[in-house]
Amino acid sequence: MTTETWAAFAFYVIAISLVIGALAVVLLPRIVHAALALVFVFFMIAGIYVLLGAEFIAAAQVIIYVGAITVLLLFAIMLTQRSYAPDSNPPNSQRGIAAVIAALLGLLLVLTLAGAVFPRSEAATPGGVTDVTRTLGELLMGPFLLPFELAGLLLLAAMIGAIVIAREG
């Protein structure tokens with residue numbers, strides 16, 4: 001089998017796993033289990049990024065979404081009193097309408113993508129993947145160091161505020 005065949009096979013396996021995980025996030029009755037299914041979904045998205053050759057984005061996906069956002073979400077869920085109750089993620093009365101709208105939007109997306117023409121470039125990426133990562137690192141630690149550090153401080157302040165609010169409640 002060729003490399004393209006293996007890549008296509010890996011894509012379909014990851015895509016099917018991603019859809020199953022996304023359905024689990026929406027349909028599982030316990031909210032803690034739904035949040036853990038969300039971790040799986042984030043890992044599958046990172047797998048798609050790896051297949052696209054964006055290893056740095058895949059690593060950032062794992063660190064930021066799996067490592068930070070999901071842990072913060074799980075802490076928020078665990079701080080609620082009924083997080084392990086069987087009905088902690090009750091079904092919504094608008095489930096049927098949401099399914100119809102999702103199906104219509106999915107059909108619209110399929111029809112739009114079927115009629116789209118995607119140009120394909122045969123030119124190679126200059127310098128390869130490692131050069132892109134190096135350039136991104138030089139930009140973050142060079143001219144964009146101040147905004148990068150300010151964003152980190154803002155996230156730290158938000159986290160401290162969330163902890164204070166959780167302890168008071």
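Residues numbered from 1 in each chain as written. Predicted model: local features only at pLDDT ≥ 70, side-chain atom pairs only at ≥ 80, totals over all residues. Heavy atoms only, no water.

Colleague: Outline the packing of helix H2 (residues 31–51) against helix H3 (residues 55–79), supporting the account with residue identities and numerical values.
Modeller: Viewed as axis vectors pointing N to C, H2 and H3 meet at an angle of 175°, and their least axial separation amounts to 8 Å. In terms of orientation, H2 and H3 fall into the roughly antiparallel class. Between H2, through Ile31, Val32, Ala35, Leu36, Leu38, Val39, Phe42, Phe43, Ile45, Ala46, Tyr49 and Val50, and H3, the contact on the second element is made entirely by Glu55, Ile57, Ala58, Gln61, Val62, Tyr65, Val66, Thr70, Leu73, Leu74, Ile77 and Met78. Of the residues in the contact of H2 with H3, the class split is 21 nonpolar, 2 polar and 1 charged. (Axes fitted to C-alpha atoms, helices over the stretch in contact; angles between N-to-C directions. Helix = DSSP H or I, 4+ residues; strand = E, 2+ residues; numbered from the N terminus. Parallel < 35°, antiparallel > 145°, perpendicular 65-115°, else oblique. Contact = heavy atoms within 4.5 Å. Nonpolar A, V, L, I, M, F, W, Y, C, P; charged D, E, K, R; others polar.)

Colleague: Describe the packing of aromatic side chains, listing the residues and the values that go with them.
Modeller: One pass over the structure, following the stated rule, counts 3 aromatic pairs. Judged by centre distance (6.1 Å) and plane angle (85°), the ring pair of Trp6 and Phe9 falls under edge-to-face. With Trp6 and Phe9 both in helix H1 (residues 3–27), this residue pair falls 3 residues apart, about one helical turn. Note on Trp6: relative accessible area 49%, which makes it partly exposed. Centroid distance Phe42 to Tyr65: 5.2 Å. Interplanar angle 45°. Geometry classified as tilted. Separated by 23 residues along the polypeptide, Phe42 in helix H2 and Tyr65 in helix H3 bring together distant segments of the chain. The class for Phe42 is buried, based on a relative accessible area of 12%. A relative accessible area of 38% places Tyr65 in the partly exposed class. (Phe/Tyr/Trp six-rings, centres within 6.5 Å; stacked < 30°, edge-to-face > 60°. Buried < 20%, exposed > 50% of the residue type's maximum accessible area, 1.4 Å probe, protein only.)

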